[in-house]
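Descriptive analysis of the structure
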Amino acid sequence: MTQTLFLNATIIDCSQTEARSGNVLIENGRIVDTNASSSTQVIGQTIDLRGATLMPGLIDCHVHVVASTMDLTANAQLPDALAMLRSLPIMKGMLERGFTTVRDVGGAPYSLAQGIEEGHIVAPRLVVCGKALSRTGGHADNRPRHDIYDAKRWARNYGALGRVADGVEEVRFACRETLREGASFIKIMANGGVSSPTDPVAAQGYSTEEILTAVQEARDNGTYVSAHLYMPDAIERAVRAGVHSLEHCNNIDAPTARLAAAAGAVAVPTLVTYEALANDGARFGLPPVSIAKVADVRTRGMESLSIMQDAGLTMAFGTDLLGDAHDRQNEEFAIRARVLPSFDILASATTVAAALIGMKDKLGVVKEGALADLLVINGNPAEDVSVLADRRNINLVMKEGSIFKNTISY
């Protein structure tokens, strides 16, 4: 048995509206008491927080841990060993920034999540969909326009974020195969995108019949479909077909946001990635054809937050960073804070995110029975979430009872 006792903590948890004081006892990776006696004898360590904030570990619901470069065509062609080794510092950096769980929405295999769970890799807990599904010429078809060779030739590469599947039967097979291999959900590319070379951003990614097939296969396996989306018509098609997780949504309009809210869908905005692509894309390997498409989705991003908030559409936290831009992950908090209340943003990265990944009450909270994914930080992020934008305010990172970062000086 291993234990940790945090004394004199100011506990912040978005399942409650007010901060509270307490002594939190951790045992074998779980929270067993949030009101422990200060004289409790522990088999392990006691850390006096002296009033510092203790909060749940952060959850990023839109990452690509295998994307070590912004040039996703080059990334897909990397030798597996090199692509895997490059992903290790990406994941370690996420954990050090306070993200104890991440949902990979295209690329990472189940075996990587298993390796993390078994303790072979220093990384956040990983929830995966395997390879995202795309039609020919869609957002995961990374062939340059002149490339006439098989679109599926990179699909099994570690560095590929997606695979091509056309038509109802190919989509059905791809979903079944992906779920058999250990995916927790299905990801489809339902609009064009920035990083892919031949699809206009406004292009529909899949027909209604193809999306319905993916949704049926996911539901038959007790899970859901996540979709890459930007435009109102594509978002409406996806929502009416039963897609649950709506990624990006930069160009959403009010009627479509209200439709999505009524359907109980969850949106996952990812605004920091467009700042990174616009400011650093050329320097970090984003091809010129992709740079030209950034403006199509960047300008409406901030407005989309207000539209979704006003419609009552639930929003989870996501970043979607690639290559050297992974380091900007925490900036998403400051960007959203320009528009949204701090409490809502904090919830998006804790309680809301935990519900989306199927771990409600297990993650994203500081309560008895929850996994001991915890942060010690400076400040109160429920009142000013921008404190999380500066990683220097994150003094301690604990994942399932193990401390991976500790810079507490008192």
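Above this note sits the structure.
All residue numbers refer to position in the chain's written sequence, counted from 1. Thresholds applied to this predicted model are a pLDDT of at least 70 for local features of residues and 80 or more for the giving and counting of side-chain atom pairs; totals over whole chains, interfaces and linings are not thresholded and use all residues. No hydrogens and no water enter the side-chain calculation; it runs on all heavy atoms of the structure.

1. Re helix 3 (residues 110-117)
For clarity, the threshold we go by: Partly exposed residues are those whose accessible area sits between 20% and 50% of the maximum for their type, while under 20% is buried and over 50% is exposed, using a 1.4 Å probe and protein chains only. Put simply, DSSP H or I for four residues or longer makes a helix, DSSP E for two residues or longer makes a strand, and each gets a number counted from the N terminus. Directions drawn from the helix axis to the C-beta atoms are what define this arc. Note on contacts: a residue pair qualifies if any of its non-hydrogen atoms lie within 4.5 Å across the two residues.
Taken together, the buried positions of helix 3 are occupied by Leu112, Ala113, Gly115 and Ile116. In a view along the axis of helix 3, the buried residues occupy a sector of 160°, so they form one face of it. On the buried face of helix 3, the contacting elements are helix 2 (80-96), strand 8 (125-128) and strand 17 (394-399). Positive phi shows up at Gly119, right after helix 3, with a value of about 90°.

2. Description of the sheet that holds strand 7 (residues 99-104)
Threshold: At least two DSSP bridges between two strands are required for those strands to pair. To define axes, lines are fitted to C-alpha atoms, for helices over the stretch in contact only, and angles between the resulting N-to-C directions are given on a 0 to 180 degree scale.
As summarised here, the arrangement of the three strands in space is 6-7-8, forming an open sheet in which the pairing is parallel. In this open sheet, the two strands that pair with only one neighbour each are strand 6 (58-63) and strand 8. Recorded for the sheet is a direction-independent mean angle of 20° between the axes of neighbouring strands. Pairing of strand 6 with strand 7, which is carried by four bridges, proceeds in the parallel orientation. Looking at strand 7, one finds that Val63 is bridged to Asp104.

3. Some details on the pairing of strand 13 (residues 245-248)
Formally: A right-handed crossover is one whose linking path, passing over the helix from the first strand to the second, runs clockwise when the strands point away from the viewer.
Relative to strand 13, strand 12 (residues 225-229) runs parallel, the two being bridged by four bridges. Counted as the bridge partner of His228 is Glu247 from strand 13. Once the chain exits strand 12 it traverses helix 6 (residues 232-241) before rejoining the sheet at strand 13, and the crossover so formed is right-handed. After leaving strand 13, the chain enters helix 7 (residues 254-262) and then returns to the sheet as strand 14 (residues 266-268), a path that is right-handed.

4. Some words on the pairing of strand 18 (residues 402-406)
Looking at chain direction, strand 17 and strand 18 are connected through four bridges and run antiparallel. Bridged to Val397 within strand 18 is Lys405.

5. Remarks on unusual backbone geometry
In this model, Asn28 sits at a positive phi of 50°, which is unusual for a non-glycine residue. Structurally, Asn28 can be placed in the loop between strand 2 (20-27) and strand 3 (30-33). In this structure, Asp320 takes a positive phi of about 65° despite not being glycine. Note on placement: Asp320 falls in the loop between strand 15 (314-315) and helix 11 (331-336).

6. Looking at the packing of helix 6 against helix 7
Just so we agree on the cut-off: Comment on the angle field: the value is read as roughly parallel under 35 degrees, roughly antiparallel over 145, roughly perpendicular from 65 to 115, and oblique elsewhere. A clockwise turn of the near helix away from the far one marks a right-handed crossing, whereas an anticlockwise turn of less than a right angle marks a left-handed crossing. Amino acids are sorted into nonpolar (Ala, Val, Leu, Ile, Met, Phe, Trp, Tyr, Cys and Pro), charged (Asp, Glu, Lys and Arg) and polar (every other residue, Gly among them).
Running from amino to carboxyl end, helix 6 crosses helix 7 at an angle of 15°, the nearest separation of the two axes being 10 Å. The angle between helix 6 and helix 7 places the two elements in the roughly parallel class. For the pair helix 6 and helix 7, the sense of crossing is left-handed. Of the residues in helix 7, those touching helix 6 at Pro232, Ile235, Glu236, Val239 and Arg240 are Thr256, Leu259 and Ala260. Grouping the amino acids of the contact of helix 6 with helix 7 by side-chain chemistry returns five nonpolar, one polar and two charged.

7. Regarding helix 6
Taken together, the buried positions of helix 6 are occupied by Pro232, Ala234, Ile235, Ala238, Val239 and Ala241. Of the surrounding elements, those touching the buried residues of helix 6 are helix 5 (208-220), strand 12, strand 13 and helix 7. Where helix 6 terminates, the next one or two residues include Gly242, which has phi positive at roughly 105°.

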